Amino acid sequence: MDSQFFRVSGVSKSFDGLVALDGVGFEAGKGQTVGVIGPNGSGKTTLFNIISGLLAADGGSVVFDGTEIMGWKPHRVVHRGIARTFQSARLFNNLTILQNCELPQFTGSTSTLFHSLAFDRGEREERERVRERANALLSEIGGGRLYPRRHDYPDTCSLGEQRMLELIRVLSVEPEIVLMDEPTQGMNPVWVGETLDLIEQQIAARGKTMIFIEHKMSVVMRIAERVVVLNHGRKIAEGSPASVRDDPAVIEAYLGT
Ligand SMILES: Nc1ncnc2c1ncn2[C@@H]1O[C@H](COP(=O)(O)OP(=O)(O)O)[C@@H](O)[C@H]1O
Ligand SMILES: [Mg+2]
C-alpha cells in the first residue's frame, strides 16, 4: 500500500473542553476503501469536517499526495481532489437537479457560476463542458433515473434519490478521494442495496479512494478493505473488517453505549 497517498496523523479537537478527537491517525492507499466506525459521538463526523476543511483542528496533520492540506478552505480541498457527502444530504434546493451537479465543478465561489452564465466565450465553453459532464453522470448513475427530472428541484426527490444526487455531485468534480458520511443512513433495505451497488460499481470501479463512515456492520463487512474504529475520540482498533468485528475492545465499545 502506498501509505503516502493519504495520511491523517495526530488530529485533535476539543469543543469547550469536550475532547471530540484525541490524536487520531490513519492512512488510505490509492484506490483503497476504508471504513470509519464507532459509537455515536465518537468523533467520526468531526474527523471528516477537519479533513474537508469545514472545521479547524487543534493539532495534527492531513497529508494528501505529499501536500499538507490541514487548514485549507473547503473549496480548495475539493479542487485538490477530496470531495465528500454529508450525514444528511446537503443540496441547494433553489437550484435544479442539473444545476446541483454543475455548481461544484466551477472553481471558486458561487459567483463564478453566475458569471459564467454570462457572455465570455471561454467561460461559455467551460460551461458547456460542465453541463456535459453533469448530464453524462445523471444519465449513467442509478440507471439514469434522475436524468429525465434534471430540471426539477431536489425537494421533489425521495431521500434515497437525494443521497444518490449527492454522490453524483461528488463525482462531478472528479475527485481522487471520496468521503462519505453514513451513505446508507435512514434508508430502507432496497435503497441500502442500491446505494452499495452504486458505491461499488460507480465509485470504487472508477479507482477512487473511499473513506466512509458507517454504522451498519453488514455494510462495513461488504465494502471496506480496512476499518478504523473510534471510541470517545480515540482510535481503539484498526484492521480487516473481520478482525475488527471480533476485537473485544470494539465489541465492548459498541455494547457499552
Ligand atoms: N460543532 C460542535 N460544537 C460542539 N460540540 C460538537 C460539535 N461537533 C461535534 N461535537 C461533539 O463532538 C463529539 C463528536 O461528535 P461527532 O464527530 O459528530 O460524532 P459521530 O459522528 O461519531 O457521531 C460529540 O460529543 C459531539 O456532541
Ligand atoms: Mg456523525
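Residues numbered from 1 in each chain as written. Chains lettered and ligands numbered in written order. Predicted model: local features only at pLDDT ≥ 70, side-chain atom pairs only at ≥ 80, totals over all residues.

Engineer: Explain the sheet that holds strand 4 (residues 59–64) to me, please; I cannot follow it from the model alone.
Structural biologist: Pairing between the strands of a sheet is mediated by backbone hydrogen bonds and can be parallel or antiparallel. Taken in spatial order, the four strands make up an open sheet running 2-1-4-5, and their pairing is antiparallel. The open sheet is flanked by strand 2 (18–28) and strand 5 (67–68), the only strands paired with a single partner. With seven bridges joining them, strand 1 (residues 6–15) and strand 2 adopt antiparallel strand pairing. Counted as the bridge partner of K13 is L21 from strand 2. Across the face of the sheet, helix 1 (residues 44–51) comes into contact with strand 1, strand 2 and strand 4 while running at roughly 115° to strand 1. (Pairing = 2+ DSSP bridges. Helix = DSSP H or I, 4+ residues; strand = E, 2+ residues; numbered from the N terminus. Contact = placed C-beta atoms within 7 Å. Axes fitted to C-alpha atoms, helices over the stretch in contact; angles between N-to-C directions.)

Engineer: I keep staring at unusual backbone geometry and nothing clicks. Help me out?
Structural biologist: The phi angle of most residues is negative, glycine excepted, and most peptide bonds adopt the trans form. Residues other than glycine seldom take positive phi values, yet D16 does so here, at roughly 45°. Residue placement: D16 occurs in the loop between strand 1 and strand 2. Unlike most non-glycine residues, H232 shows phi in positive territory, near 45°. Tracing the backbone through its elements, the reader meets H232 in the loop between strand 9 (226–231) and strand 10 (234–239).

Engineer: Teacher, can you tell me more about the site of ligand 1 here?
Structural biologist: Near ligand 1 the following residues occur: F15, L18, A20, G38, N40, G41, S42, G43, K44, T45 and T46. Residue assignment for the shell around ligand 1 shows that the elements contributing at least two residues are strand 2 and helix 1. At three residues, the largest contribution of residues to the shell around ligand 1 is made by helix 1. Looking at the shell around ligand 1, its residues break down into three nonpolar, seven polar and one charged. (Near = placed C-beta within 6 Å. Nonpolar A, V, L, I, M, F, W, Y, C, P; charged D, E, K, R; others polar.)

Engineer: What is the right way to read the pairing of strand 8 (residues 209–213) from this model?
Structural biologist: The side chains of a regular strand alternate, residue by residue, between the two faces of the sheet. Of all five residues that make up strand 8, five are buried, and the element is covered over most of its length. Examined bridge by bridge, strand 3 (residues 33–37) and strand 8 share four bridges and lie parallel to one another. Counterpart to G35 in the pairing with strand 8 is F212. One ladder, built from five bridges, connects strand 7 (residues 177–181) with strand 8; its direction is parallel. In the strand pairing of strand 8, L179 is matched with I211. Chirality of the crossover, the property in question, places the unit of strand 7, helix 7 (residues 189–203) and strand 8 among those that are right-handed. (Buried ≥ 20, exposed ≤ 12 C-beta atoms within 10 Å, placed from the backbone. Right-handed = clockwise from strand over helix to strand, strands pointing away.)

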